[in-house]
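A closer look at the structure
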Amino acid sequence: MKKYCIIIVALSTVFSCQEDVKIDFVEENIEMSQDAEISINFPKAEGHKSASELINTTIQNYIVSQTYLGEDSLTNLSIADAVKRFNTEFKNFKTNFPDSAQKWEAFIDGEVTYSSPEVISIAINTYLDTGGAHGNTNIKFFNFDPQTGELYSMDDLIKDNKNLSELIADQLKEEVKSNSDEPIEDFFFGKDFQLPESIGYSDEGLIILYNPYEIASYSQGIIQFTISFEKVSSFLNVN
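Residues numbered from 1 in each chain as written. Predicted model: local features only at pLDDT ≥ 70, side-chain atom pairs only at ≥ 80, totals over all residues. Heavy atoms only, no water.

Focus: the overall build of the protein
- Looking only at helices and strands, the protein has five helices and nine strands in total.
- From first element to last, N terminus to C terminus, the protein shows the α and β order β-β-β-α-α-β-β-β-α-α-β-β-β-α.
- A total of 239 residues make up the protein; the buried ones form 44% of that total.
- Taking all contacts inside the protein whose residues are at least 6 apart in sequence as the whole, residues at least 24 apart take part in 58%.
- Summed over its atoms, the accessible surface of the protein is roughly 12800 Å², and 45% of this surface lies on carbon and sulfur atoms. (Helix = DSSP H or I, 4+ residues; strand = E, 2+ residues; numbered from the N terminus. Buried < 20%, exposed > 50% of the residue type's maximum accessible area, 1.4 Å probe, protein only. Contact = heavy atoms within 4.5 Å. Areas by Shrake-Rupley, 256 points an atom, 1.4 Å probe, with all protein chains shown as cover.)

Below, the structure written as structure tokens:
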């Protein structure tokens, strides 16, 4: 099993003097190993009620969507319920295929990578294996407005898409060149340059992360690098 970790100093509290909004985070953990191997760790927001509830709902819904394999509605399904259903699906699989040595795995790890009066950035790292040649790893960033708990869109975060894209494209080429023996000519499967599906924040700057299948081939793995705020701040609405 291959898991991918982001090593970043995480902050746990964000405070805004403008509206006296304070949000703390505590770590929640759910584990199960009797049947399927399941481990879920995620930050839970506490403090300002409405902002915390919005953040927690967004994180919960995402984690549920990563672990739930059914076709029914996910409305009001808790993380604990999704874990039980994942485990039940695995037991059903073993009943149908008793000779299979396959062990299903779901590992999810979330952390606060950055917090300021303007933005709280949370990374959710998911590794899911329900059979096949290999498991799938995916990392997604969530950037919240600490004042309201609302999720920023990419358009909310980025002020100058053109210049930011050019900067990331140049850095991407250097990153791949320095970490690969075989240069990749076609990053985006015949398409023009694409920004990653999500970007994150850390104390060091803006985190640029491409998941497998977003870019190049699966064998290339996750491509991640950080661009300093000094270089990108003029292209962003939120710092």
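The discussion continues.
Quick notes on the pattern of salt bridges
- Under the defined criterion, the tally for this structure stands at two salt bridges.
- Across the salt bridge formed by lysine 49 and glutamate 53, the nearest N and O atoms sit 2.7 Å from each other. One end of the pair, lysine 49, and the other, glutamate 53, are both in helix H1 (residues 49–67), four residues apart, so they sit about a helical turn from each other.
- Residue lysine 49 is classed as exposed on the basis of its relative accessible area, which comes to 59%.
- The partner of glutamate 166 in a salt bridge is lysine 162, and the shortest N-O contact between them spans 2.9 Å. Remark: lysine 162 and glutamate 166 occur in helix H4 (residues 161–179); sequence separation between them is four residues, near one turn of the helix.
- For lysine 162, a relative accessible area of 55% puts it in the exposed group. (Salt bridge = Lys/Arg side-chain N within 4 Å of Asp/Glu carboxyl O.)

Things to note about the nonpolar core
- Formed by 30 residues in total, the largest nonpolar core has its most connected members in Phe25, Ile40, Ile55, Ile59, Ile120 and Ile122.
- For this core, the element with the highest residue contribution is H1, accounting for six residues.
- Setting aside anything within four residues of it in sequence, one finds isoleucine 55 in contact with Ile23, Phe25, Ala45, Ile120, Ile122, Phe144 and Gly149. (Core = buried A, V, L, I, M, F, W, Y, C linked by side-chain atoms within 4.5 Å.)

Describing unusual backbone geometry
- Located in the positive-phi region is tyrosine 213, a residue other than glycine, with phi close to 80°.
- By the element assignment, tyrosine 213 lies in the loop between strand S8 (205–210) and strand S9 (223–227).
- The class of tyrosine 213 is exposed, set by a relative accessible area of 55%.

Comments concerning helix H2 (residues 79–96)
- End to end, H2 covers 26 Å across 18 residues, agreeing with the expected 26 Å (1.5 Å per residue, within 8%).
- Restricting attention to buried positions, one finds in H2 the residues Ile79, Ala82, Val83, Phe86, Asn87 and Phe90. Take H2 and look down its axis: the buried residues cluster within an arc of 135°, on one side only. Exposed residues lying more than 90 degrees from the buried face of H2 are Lys84, Thr95 and Asn96. (Expected span 1.5 Å × (residues − 1). Arc of directions from axis to C-beta.)

Notes on H1
- Along its 19 residues, H1 runs 27 Å from first to last C-alpha, staying within 8% of the 27 Å computed at 1.5 Å per residue.
- Residues Ala51, Ser52, Ile55, Ile59, Tyr62, Ile63, Val64 and Thr67 constitute the buried set of H1.

Section: the confidence of the model for the protein
- This prediction gives the protein a mean pLDDT of 85; 83% of its residues lie at or above 70.
- Confidence, read as mean pLDDT per element, is least for strand S1 (residues 13–16) in the protein (48) and greatest for strand S7 (residues 199–202) (97).
- Note on residues 1–12: pLDDT is under 50 here. Beyond four places in sequence and across chains, it has 33 contacts. (pLDDT = per-residue confidence, 0-100.)

Some points on the sheet that holds S7
- An order of S7-S8-S9 is seen for the three strands of this open sheet, with the pairing classed as antiparallel. The outermost strands of the open sheet, each flanked by one partner alone, are S7 and S9. Mean inter-strand twist for the sheet, computed between neighbouring axes without regard to direction, equals 25°.
- Here S7 runs beside S8; their pairing, made up of four bridges, is antiparallel. In the strand pairing of S8, serine 202 is matched with glycine 205. (Pairing = 2+ DSSP bridges. Axes fitted to C-alpha atoms, helices over the stretch in contact; angles between N-to-C directions.)

A word on the pairing of strand S4 (residues 105–115)
- Here S4 lies mainly inside the structure; 10 of its 11 residues are buried.
- Linking S4 back to strand S5 (residues 120–129) in an antiparallel pair, the connection comprises four residues.

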